[in-house]
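# Tertiary structure, described
In case you want the letters, here they are:
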Amino acid sequence: MSFDTAMDNTISEMAKQAANKDGFIAALDQSGGSTPKALRLYGVEESAYANDEEMFGLIHQMRARIIKSPAFMGDKVMGAILFERTMEGDIDGIPTAEYLWQKRKVVPFLKVDKGLMDEADGVQMMKPMPDLDALLERAVSKGIFGTKMRSVIHAANPKGIAAVVAQQFDVGRQILGHGLMPIIEPEVTITIADKADAEDILLAEITRQLDALPADRQVMLKLSLPEKANQYKSLCEHPRVMRVVALSGGYSRQDANAKLAQNTRMIASFSRALTEGLSAQQSDADFDATLAATIEGIFQASRAG
């Protein structure tokens, strides 16, 4: 079998898992701005590192510990979203994305956005990504299946929400051009008073963009847990959508799981809710037991809908 044929078979296997398998996507993609907080919650204070290089080394150790934990397997963890530096790193001498698929049967995704612009029209658009094509080429060479990029909606502002969704789909088409699966993430802030109204506008805008995609194209969607149960059911059933996943958005894991279970066919893609209760100070046995219980809870909530 040629290398290209083997790669095609691998991508096809990953696509089947991403589209159909029970489970959830672990979001292990905290970037520069959110890494200190993630480390603090993990019990590592800022005094433990002197610079960014040491900080990213420590967060890589945390992610590697999670990925190597016995419960972190493709039977319940369908996929995992990586930060760029994590993709460039190794676990036990094996490139991270390759380790995820070959050793854990977990589909690897990559966070590709470069952060958020200042708020305007009630939203934060993504910063420009002039080097995106080069990053996507590198992702393909590393065995990445798909990508993720995040914008944020802070108000039920039709102009702002339309702009966020248009930008997400524009970049999504660029990603599709490299043979990668884009996860489009227009997050709605969970604390805003007009969240339900914002979600109605968002649903309409996403549907409009999906309807305009060619028949042979699909995307994935990552959306805040909605105020109304099954708000996004029509998106789960849309022929241009491979999967709809939910972000925890600041809800505790218990609340996030309860909300997720009310939404048919949505599965989790949790970050902070996944690592809640994990600590650098835990023994491996305690760490593994805590993570196993967390994975089981998120897995069951993802199936419940």
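Here, the structure is the one placed above.
A short tour of the structure in this document, coming up.

The rules we used
Residues numbered from 1 in each chain as written. Predicted model: local features only at pLDDT ≥ 70, side-chain atom pairs only at ≥ 80, totals over all residues. Heavy atoms only, no water. 1 Å grid on protein atoms, 1.4 Å probe; cavity = no way out; pocket = protein on both sides within 12 Å on 5 of 7 lines; lining within 4 Å. Points joined across faces, edges and corners; volume = space filled by probe spheres on them. Helix = DSSP H or I, 4+ residues; strand = E, 2+ residues; numbered from the N terminus. Nonpolar A, V, L, I, M, F, W, Y, C, P; charged D, E, K, R; others polar. Axes fitted to C-alpha atoms, helices over the stretch in contact; angles between N-to-C directions. Left-handed = near helix turned anticlockwise from the far one by under 90°. Contact = heavy atoms within 4.5 Å. Expected span 1.5 Å × (residues − 1). Phe/Tyr/Trp six-rings, centres within 6.5 Å; stacked < 30°, edge-to-face > 60°. Buried < 20%, exposed > 50% of the residue type's maximum accessible area, 1.4 Å probe, protein only. Lys NZ or Arg CZ within 6 Å of the ring centre and 35° of its normal. Parallel < 35°, antiparallel > 145°, perpendicular 65-115°, else oblique. Pairing = 2+ DSSP bridges.

Space inside the largest pocket adds up to approximately 720 Å³. Lining the largest pocket we find 27 residues, and of these Gln30, Ser34, Arg150, Ser271 and Arg272 sit closest to its centre. Every element with two or more residues in the lining of the largest pocket is listed here: helix 2 (35–41), strand 7 (146–153), strand 8 (181–188) and helix 11 (272–275). Here the lining of the largest pocket gets three residues from one element, more than from any other, and that element is helix 2. Looking at the lining of the largest pocket residue by residue, the class counts come to five nonpolar, eleven polar and eleven charged. In this model, the second largest pocket occupies a volume close to 420 Å³. Around the second largest pocket sit 21 residues that line it, and Met7, Val140, Lys142, Gly143 and Ile144 are the ones nearest its centre. Of all the secondary structure elements, the ones that give two or more residues to the lining of the second largest pocket are helix 1 (3–20), helix 5 (96–104) and helix 6 (132–141). The dominant element in the lining of the second largest pocket, judged by the number of residues it contributes, is helix 1, at seven residues.

This next bit is on the packing of helix 7 (residues 158–176) against helix 8 (residues 195–211). Put simply, helix 7 and helix 8 touch, their axes get as near as 9 Å, and they point 35° apart. Considering only the axes of helix 7 and helix 8, their crossing is right-handed. Contact with helix 7, carried on its side by Pro158, Ile161, Ala162, Val165, Ala166, Phe169 and Arg173, involves Ala198, Ile201, Leu202, Glu205, Ile206, Gln209 and Leu210 of helix 8 and no other residues of that element. Its residues assigned to classes, the contact of helix 7 with helix 8 shows eleven nonpolar, one polar and two charged.

This next bit is on helix 12 (residues 284–304). Residues separated by three or four positions in an α-helix point in the same direction, a consequence of the helix having 3.6 residues per turn. With 21 residues, helix 12 ought to run about 30 Å at 1.5 Å a step, and its terminal C-alpha atoms sit 30 Å apart, in line with that. Buried residues belonging to helix 12 abut strand 1 (24–28), helix 3 (52–68), strand 2 (77–82), helix 10 (253–260), strand 11 (267–268) and helix 11.

Throughout the structure, instances matching the rule amount to two aromatic pairs. Pairing Phe56 with Phe83 gives two aromatic rings, centres 5.5 Å apart and planes at 25°, and the pair type is stacked. Taken together, the residues span a long stretch of sequence, with Phe56 in helix 3 and Phe83 in the loop between strand 2 and helix 4 (84–88) at a distance of 27 residues. Overall, the relative accessible area of 10% leaves Phe56 in the buried class. Among the residues examined, Phe83 registers a relative accessible area of 13% and is labelled buried. Between Phe109 and Phe145 the ring centres are 5.7 Å apart and the planes differ by 85°, which places this aromatic pair in the edge-to-face class. One end of the pair, Phe109, is in strand 5 (residues 107–111); the other, Phe145, is in the loop between helix 6 and strand 7, and 36 residues separate them in sequence. Positioned over the ring face of Phe287 is Arg65, at 4.0 Å from the centre of the ring. One residue, Lys105, lies across the ring of Trp101, its end atom 4.6 Å from the ring centre.

Moving on: the packing of helix 10 against helix 12. Between helix 10 and helix 12, the shortest axis-to-axis distance is 8 Å and the interhelical angle comes to 25°. Accordingly, the angle class assigned to the pair helix 10 and helix 12 is roughly parallel. Helix 10 and helix 12 meet at a crossing whose hand is left-handed. Note on element contacts: helix 12 touches helix 10 through Thr294, Gly297, Ile298, Ala301 and Ser302, opposite Arg253, Asn257 and Leu260. Classifying every residue of the contact of helix 10 with helix 12 by side-chain character gives three nonpolar, four polar and one charged.

The next point concerns empty space enclosed by the protein. Rolled over the atoms, a probe as big as a water molecule pinpoints where empty space is left. Inspection of the entire model under this criterion finds one cavity of 30 Å³ or more. Taken as a whole, the largest cavity encloses approximately 30 Å³ of empty space. The wall of the largest cavity is formed by Ala38, Leu41, Tyr42, Met62, Thr275 and Leu278. Partitioning the lining of the largest cavity into residue classes produces five nonpolar, one polar and no charged.

What follows is about the pairing of strand 10 (residues 241–247). Summarising burial for strand 10: seven of the seven residues are buried, a large majority. Relative to strand 10, strand 9 (residues 219–224) runs parallel, the two sharing six bridges. Across the sheet, Lys222 pairs through a bridge with Val245, a residue of strand 10. Across two bridges, strand 10 lies against strand 11 in parallel orientation. Its bridge partner lying in strand 11, Ala246 is registered against Ala268.

From the geometry alone we can't say anything about function, so treat these as descriptive.
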